Amino acid sequence: MKEGKPRLLLGNEACVEGAIAAGLKFFAGYPITPSTEIAELCAQYLPQVGGKFIQMEDEIASMAAVCGASLAGVKSMTATSGPGFSLKQENIGFAVQAEIPCVVVDVQRVGPSTGMPTSAAQGDVMQSRWGTHGDHEIVVLSPSSVLEAYTLTVTAFNIAEELRTPVILLMDEMVGHLREKVILPDRSELMVKARPKPDLPPGQYKPYADYGDPAKVAPLAAFGEGYRFHVTGLTHGEDGFPTNNPDVGARQIKRISEKIASRKKDLPQPEELFTDDAEVFVFAFGGTARSAKKAVRDARAMGLKAGLIRAITVWPFLEEPLLRAKAKKPKAVIVPEMNLGQIILPVKRVMGDACPVIGINKVGGRYIEPDEILDAIKEAILGGSAS
Amino acid sequence: MALPLEKYLRVGKLPHIWCPGCGHGIITQAIIRAIDELGLDTQKTVVVSGIGCSSRAPGYMNFDTLHTTHGRAIAFATGIKMANPELKVIVITGDGDAAAIGGNHLIHAARRNIGLTVICFNNNIYGMTSGQYSPLTPTGSYASTAPYGMVERPFDLCELVKGAGGTFVARSTAYHARHLTNVIKDALKYDGFAFVDALSQCPTYFGRRNRLRTPMDMLNWMRDHAVSASSWEKMSPEEREGKFPIGVLVNQPSRELTKVYGEILAQARKEAGANA
């Protein structure tokens with residue numbers, strides 16, 4: 001498409017262009033606001049690059065078809081919003097267990113239930129982490145801008161293919177429906193990872209090999225390549241066949257978590273702004289981080305030492321910048337999020353009693369404005385004299 | 001002595017989990033025989049299943065095999081077929097898997113006419129969970145969740161798929177093993193969505209509760225109640241009472257979905273090239 005030139009793009013549109021740049025060849029979806037543009041644009045663009053689009057009969061089927069297509073060897077994606085994300089969870093768990101690479105976009109809207117379909121929220125933070133049953137780590141990335149919706153979609157595919165796992169792109173209506181001027185990077189500058197191929201002949205190939213090093217993941221053969229292997233949601237051994245051996249089962253369950261936990265350093269690290277000498281930290285992600293950034297800059301203009309930590313990888317929770325903040329004995333950490341307090345929970349866990357952790361929480365679709373965060377910064381630094 | 005069909009089986013994964021007298025082995029063998037007689041490329045054949053007793057069959061079959069979530073085998077298979085139309089994709093499912101939790105996927109795959117061969121191991125009961133009623137349990141029959149007799153009306157799966165636009169629909173039974181093999185061969189040869197309702201017996205959880213105590217009682221019941229499709233056509237409604245037709249019931253070829261989509265791909269690429 002048109003890299004290198006300024007363009008006015010929608011966040012959802014940038015996500016699709018990023019996916020195609022990353023090599024997306026299969027999309028299955030079901031219409032749901034505010035993610036529908038992603039399906040519509042995939043229907044339009046994918047056939048032009050030899051990819052396939054299908055609108056399935058429901059959200060569950062979409063997630064199932066994505067798993068099937070990925071096992072047939074192509075990069076696959078689906079997109080949805082909160083209610084559809086809930087319906088997909090069982091098959092997202094299947095992809096985790098069977099180690100099927102894929103990307104699942106959740107453009108968050110106000111819930112619970114049907115909620116406010118056209119309004120923004122960040123209420124799926126915990127659903128993205130804990131929506132499936134059983135124990136496993138999962139990678140969740142959240143863009144804050146239209147450009148990042150593009151670049152992070154590419155990153156999501158790279159992580160999914162390398163670690164053989166579903167990756168959740170946790171967007172919100174703010175970013176999904178934001179139109180912004182962007183200059184997309186040239187394709188030659190993008191790092192796009194191809195799916196690793198098995199280097200062993202079919203007789204010796206173990207689709208779920210345990211190398212003793214959790215960071216090393218067995219390559220995934222494609223159906224139809226002659227490997228004739230078995231894939232199941234049942235707990236399985238290295239050969240992919242079900243087992244009731246508790247030791248084999250425990251090892252498999254731990255391995256699929258550790259392959260992600262052991263790679264935290266390779267995931268997108270938080271963006272930090274003015275954190276070196278900050279007295280108050282704002283911790284934010286997604287669309288809300290845009291307001292947080294403005295608030296921190298405004299505070300600096302007033303001589304207040306505020307800093308921003310913006311999570312790009314939401315899960316696994318990357319603690320390192322907060323631990324550095326904690327060592328500085330800050331006056332407060334402020335956590336704005338468009339929910340009743342979700343990402344604040346791991347922030348509180350990391351900060352412990354070191355300082356107050358203050359939530360700014362808004363639900364019902366109104367954005368958190370920079371001044372609301374600025375007021376909290378002032379209050380934390382200046383105390384009662386803020387007003 | 002080597003089994004003649006051994007190359008299609010993962011012998012090391014046997015014995016299977018099915019109860020003595022279960023009909024699923026007969027149907028699995030019919031599928032394998034059909035594959036063998038047609039000479040399908042084992043490297044390009046994928047077998048997909050959902051959850052339940054029947055859905056364990058692919059684990060014993062030496063192909064690329066996928067044991068999915070409950071009810072969703074057809075949806076997973078749809079992704080495989082769309083991504084690589086060169087593959088022969090066979091779905092093994094049960095009556096609960098295909099008609100209850102997965103009913104939506106069954107009717108939509110039939111409507112789309114996507115090239116999948118769906119074989120439903122229909123024992124009209126949930127065997128894996130020990131005998132709850134399914135949408136195929138006959139009215140009045142007993143099940144662990146129908147202790148006073150089944151009060152609901154069952155589906156006729158072939159009529160359901162036909163009603164959803166299915167272009168190839170067939171039925172056979174575990175009793176009619178050779179006939180079943182031939183019907184599956186026809187389904188595998190068919191270019192489009194092919195559905196086979198393969199009646200199976202569950203002596204453990206259906207027969208014992210319903211005065212069909214032995215596997216042979218259940219197989220004989222199939223023999224006594226099945227009527228060939230050609231005879232069925234000539235029968236009056238009164239004569240049809242309590243009977244069911246077997247054979248190919250619908251065969252109305254229509255263009256297969258991935259072939260139609262292939263034409264879209266060619267057109268979209270041409271237009272994209274013209275606009276570049």
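Just so it is clear, the structure is predicted and the values come from calculations on it, not from any experiment.

Trainee: What is the right way to read the overall build of chain B from this model?
Mentor: The helix and strand inventory of chain B stands at 11 helices and eight strands. For 276 residues, the compact-globule estimate of 2.2 N^0.38 gives 19 Å, and chain B sits close to it at 19 Å. Taking the principal axes of its C-alpha atoms as reference, chain B extends roughly 70 × 50 × 35 Å. Contacts in chain B between residues far apart in sequence, at least 24 positions, make up 68% of those at least 6 positions apart. One finds the centroid of the 29 positive side-chain charges in chain B at a distance of 4 Å from the centroid of its 23 negative side-chain charges.

Trainee: What is the right way to look at the state of the cysteines in this model?
Mentor: A disulfide bridge is the covalent bond that connects two cysteines by way of their sulfur atoms. This structure, assessed with the given rule, holds zero disulfides over all chains. Sulfur of A:Cys42: no disulfide; nearest cysteine sulfur belongs to A:Cys15 and is 7.5 Å away. Sulfur of B:Cys19: no disulfide; nearest cysteine sulfur belongs to B:Cys202 and is 6.3 Å away.

Trainee: What's the story with the sheet that holds strand β15 (residues 332–337) of chain A in this structure? I'm lost.
Mentor: Note on sheets: strands pair through backbone hydrogen bonds, and any given pair is parallel or antiparallel. All names here are of chain A. On the basis of which strands lie adjacent, the open sheet formed by five strands has the order β11-β13-β12-β15-β16 and mixed pairing. Edge strands, defined here as strands with exactly one partner in the open sheet, are β11 (271–273) and β16 (357–361). Neighbouring strand axes in the sheet, compared pairwise and without regard to direction, differ in orientation by 20° on average. Looking at chain direction, strand β12 (residues 280–285) and β15 are connected through three bridges and run parallel. Its bridge partner being in β15, valine 280 is matched across the sheet by alanine 332. Helix α10 (residues 320–327) contacts β11, β12, β13 (306–311) and β15 of the sheet and is inclined by roughly 160° relative to β13. Contacting β12, β15 and β16, helix α11 (residues 344–351) crosses the sheet at an angle of about 170° to β16.

Trainee: Any chance you could explain the pattern of salt bridges here in plain terms?
Mentor: According to the stated counting rule, one finds 32 salt bridges over all chains in the structure shown. With a shortest N-O distance of 2.7 Å, A:Glu99 and A:Arg255 are connected by a salt bridge. Taken together, the residues span a long stretch of sequence, with A:Glu99 in the loop between α4 (82–98) and β5 (102–110) and A:Arg255 in helix α8 (residues 246–261) at a distance of 156 residues. The exposure class of A:Glu99 is buried, given its relative accessible area of 1%. Looking at A:Arg255, the relative accessible area reads 8%, which means it is buried. Among the ionic pairs, B:Asp197 bridges to B:Arg171, the shortest N-O distance being 3.0 Å. Of this pair, B:Asp197 sits in strand β6 (residues 194–199) while B:Arg171 sits in strand β5 (residues 168–173), placing them 26 residues apart in sequence. We classify B:Asp197 as buried; its relative accessible area is 2%. The network of salt bridges with common partners includes A:Glu148, A:Glu271, A:Lys293 and A:Arg310.

Trainee: Help me understand the packing of aromatic side chains, please; the structure alone is not making it clear to me.
Mentor: For any two aromatic rings, the description comes down to two numbers: the centre-to-centre distance and the angle of the planes. Applying the stated criterion across every chain, the model contains 11 aromatic pairs over all chains. Summarising the aromatic geometry, the rings of A:Phe27 and A:Phe53 are spaced 5.9 Å apart at their centres and angled 5° between planes, so their arrangement reads as stacked. Pair noted here: A:Phe27 is in strand β2 (residues 26–29) and A:Phe53 is in strand β3 (residues 52–55), with a separation of 26 residues, a long-range link. As far as burial versus exposure is concerned, A:Phe27 and A:Phe53 are alike and both buried. Seen in terms of ring centroids, B:Trp221 and B:Phe244 are 5.9 Å apart; in terms of plane orientation they differ by 25°. Their pairing is stacked. With a gap of 23 residues between them, B:Trp221 in helix α8 (residues 215–225) and B:Phe244 in strand β8 (residues 244–251) connect regions that are remote in the sequence. Sitting over the ring of A:Trp130, A:Arg129 keeps its end group 3.9 Å from the ring centre.

Trainee: Explain unusual backbone geometry to me, please; I cannot follow it from the model alone.
Mentor: Residues apart from glycine generally show negative phi values, whereas peptide bonds are mostly found in trans. Residues and elements named next belong to chain A. Between glycine 111 and the following residue, proline 112, the backbone shows a cis peptide bond with an omega angle of 5°. Checked against the element boundaries, proline 112 lands in the loop between β5 and β6 (116–120). A cis amide bond, omega -5°, links tryptophan 315 with the succeeding residue proline 316. If you trace the backbone, proline 316 turns up in the loop between β14 (313–315) and α10. Within the chain, phenylalanine 274 stands out as a residue other than glycine whose phi angle is a positive 55°.

Trainee: Which parts of the structure should I look at to understand the domain arrangement of chain A?
Mentor: Accessible area lost during the coming together of the parts is what is often quoted as the interface size. All names here are of chain A. The domain architecture assigned to chain A consists of domain 1 (1–268) and domain 2 (271–386). The interface of domain 1 with domain 2 comprises 33 residues on the first partner and 25 residues on the second. Of the roughly 2,200 Å² buried where domain 1 meets domain 2, counting both sides, 57% is carbon and sulfur surface. For the pair domain 1 and domain 2, the interface holds two salt bridges. Salt-bridge contacts for arginine 310 lead to glutamate 148; the nearest nitrogen and oxygen are separated by 2.8 Å.

Cut-offs used in this document
Residues numbered from 1 in each chain as written. Chains lettered and ligands numbered in written order. Predicted model: local features only at pLDDT ≥ 70, side-chain atom pairs only at ≥ 80, totals over all residues. Heavy atoms only, no water. Helix = DSSP H or I, 4+ residues; strand = E, 2+ residues; numbered from the N terminus. Rg over C-alpha atoms; globule rule 2.2 N^0.38 Å. Contact = heavy atoms within 4.5 Å. Lys, Arg positive; Asp, Glu negative; His and termini not counted. Charge placed at Lys NZ, Arg CZ, Asp CG, Glu CD. Disulfide = S-S within 2.5 Å. Pairing = 2+ DSSP bridges. Axes fitted to C-alpha atoms, helices over the stretch in contact; angles between N-to-C directions. Salt bridge = Lys/Arg side-chain N within 4 Å of Asp/Glu carboxyl O. Buried < 20%, exposed > 50% of the residue type's maximum accessible area, 1.4 Å probe, protein only. Phe/Tyr/Trp six-rings, centres within 6.5 Å; stacked < 30°, edge-to-face > 60°. Lys NZ or Arg CZ within 6 Å of the ring centre and 35° of its normal. Domains from an automatic or database assignment. Buried area = accessible area lost by both parts, 1.4 Å probe.

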